[in-house]
Every structure is written in structure tokens, then in C-alpha cells.
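The lines below spell out each chain.
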Amino acid sequence: MRLNHPPRLAYLWLLLATALMVAPLVWMVLTSLKTGEQLAADPFSWWPQPWRWENYAEAVAAIPFVRYLANSLLLCLGSVAGTLVSCSLVAYGFSRVRWPGRDLVFALLIATMLLPWQVTMAPRFLVIRELGLYDSLAALIVPKFLGEAFYIFLLRQFFLTVPQEMIDAAR
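Remember, predicted model here, so these are calculated numbers, not experimental data. (Residues numbered from 1 in each chain as written. Predicted model: local features only at pLDDT ≥ 70, side-chain atom pairs only at ≥ 80, totals over all residues. Heavy atoms only, no water.)

Let us now look at the packing of aromatic side chains. Counting across every chain of the model gives 10 aromatic pairs. Aromatic side chains Trp-27 and Trp-46 sit 5.0 Å apart centroid to centroid with 90° between the ring planes, which places their arrangement in the edge-to-face category. Of this pair, Trp-27 sits in helix H1 (residues 8-32) while Trp-46 sits in the loop between helix H2 (36-41) and helix H3 (54-62); the two residues are 19 residues apart in sequence, bridging distant segments of the chain. Classification of Trp-46 by relative accessible area gives partly exposed; the value is 39%. Between Phe-150 and Tyr-151, the aromatic rings sit 5.5 Å apart at their centres with planes inclined by 70°, giving edge-to-face as the arrangement. Taking relative accessible area as the criterion, Phe-150 reaches 42% and is therefore assigned partly exposed. (Phe/Tyr/Trp six-rings, centres within 6.5 Å; stacked < 30°, edge-to-face > 60°. Helix = DSSP H or I, 4+ residues; strand = E, 2+ residues; numbered from the N terminus. Buried < 20%, exposed > 50% of the residue type's maximum accessible area, 1.4 Å probe, protein only.)

Written out as C-alpha cells, the structure reads:
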């Protein structure tokens, strides 16, 4: 039995594409190891002369890196938790619970996706300011607990694919 192997030309193409994708990352790392004088003199040279590993220690010392990392983690975890909790509950309600006007309310929810972000930007800012959340991470996390139309729609479509018998068996 003979296996079909991809031609060598395909491997060459993949190698070239990989080099193209990795080149900016390599450039960034090598540039971060250059001295300021070398950057000013010849910014397009690849190899640092000399290799300056102290740049990383100086960068971490110059900014509150741990604080920025904690802010990023708090924002990501809070946003994911808020979106997951609020959107999954609403989506399940739209997919499994029968109530009068459900389809109309769902259509209105979908229609909100047609509004551009620029239209809702000013009212959102005013609400956040009135709630006293201005200039805080809470201003970015709390709205995620109110649900987003796209994720509600996406989860509703998923819940509709789960057979009712499976939900009954779980219950």
C-alpha cells in the first residue's frame, strides 16, 4: 500500500510561508536587544552589536509591569465571566423557555446588532459616568454582565442544536 506524500514543492512553500510569518517576531526580538545608538544609526540591520540583554530588565523596572499584568488578567477574567454568565442564561431562555412575545423580543435583540458602536458610545459613557465607574476597570467589566447580542445569538443557536431529550435526561 502506497501512501500519498505531499510533493516537496509543498514543503518548500510551507517553509517559505512560515519564514514570512515568523520574520516580524524575530525582527522584534532582535531589535529589542539593540542599543539606542545602534537603532538610531542603522535601524534596518538584523543583528545587534553588542547584544544588550539589560534592555529587558530596564523595561520592567521603568514601568509597573506586575500591575499592568494584574489589570489585564482582571479585565480578561471579569469580561469572560460576565459574558459567559449573562449571555448563556439569556440564550438558554430564548432557546428553551416558551413565553409570549419571545420571538419579537429576540428579533429586537438581533436588531440591536445593526446599530453601529459609534451610535451607542456617548450614551454608554454617560451611564458609566453616572454610575461612578468612570476611569476604572469596572467600567470595562460591568457592562459584560448585561449581555451582548452577538454572543446571545451564538449561544442560542448552539442550544437549539442540543436535543430536548438530552436536556430531559440531564434533568
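Having seen it, we continue.
Okay, a nonpolar patch on the surface next. Taken together, Met-21, Val-22, Leu-25, Val-26, Met-28, Val-29, Trp-46, Trp-47, Trp-51, Trp-53 and Tyr-56 make up a surface patch of nonpolar side chains, about 1,200 Å² in accessible area. By residue number, the principal contributor to the nonpolar patch is H1, which donates 6 residues. Position of Val-22 relative to the elements: it lies in helix H1. (Patch = residues over 30% accessible without salt bridge, like charges linked within 9 Å, V, L, I, M, F, W, Y side chains within 5 Å. Areas by Shrake-Rupley, 256 points an atom, 1.4 Å probe, with all protein chains shown as cover. Salt bridge = Lys/Arg side-chain N within 4 Å of Asp/Glu carboxyl O.)

Let us now look at the nonpolar core. Counting residues in each nonpolar core, the largest one holds 8 residues, listed as Cys-87, Ala-91, Phe-94, Phe-106, Leu-109, Ala-149, Ile-152 and Phe-159. Those elements that provide at least two residues to this core are helix H4 (65-96), helix H5 (102-111) and helix H8 (149-161). Residues in contact with Ala-91, not counting those within four places in the same chain, are Ile-152, Leu-155, Arg-156 and Phe-159. (Core = buried A, V, L, I, M, F, W, Y, C linked by side-chain atoms within 4.5 Å. Contact = heavy atoms within 4.5 Å.)

Along the polypeptide, Leu-69 turns up in helix H4. Separated by 82 residues in sequence, Leu-69 and Tyr-151 place their C-alpha atoms 26 Å apart.

Where H4 contacts H5, the axes come no closer than 10 Å and their chain directions differ by 135°. Considered as vectors, H4 and H5 are oriented oblique to each other. Here the hand of the crossing between H4 and H5 comes out left-handed. Contacts from Gly-93, Phe-94 and Ser-95 in H4 reach Arg-102, Val-105, Phe-106 and Leu-109 in H5. By residue class, the composition of the contact of H4 with H5 is 4 nonpolar, 2 polar and 1 charged. (Axes fitted to C-alpha atoms, helices over the stretch in contact; angles between N-to-C directions. Parallel < 35°, antiparallel > 145°, perpendicular 65-115°, else oblique. Left-handed = near helix turned anticlockwise from the far one by under 90°. Nonpolar A, V, L, I, M, F, W, Y, C, P; charged D, E, K, R; others polar.)

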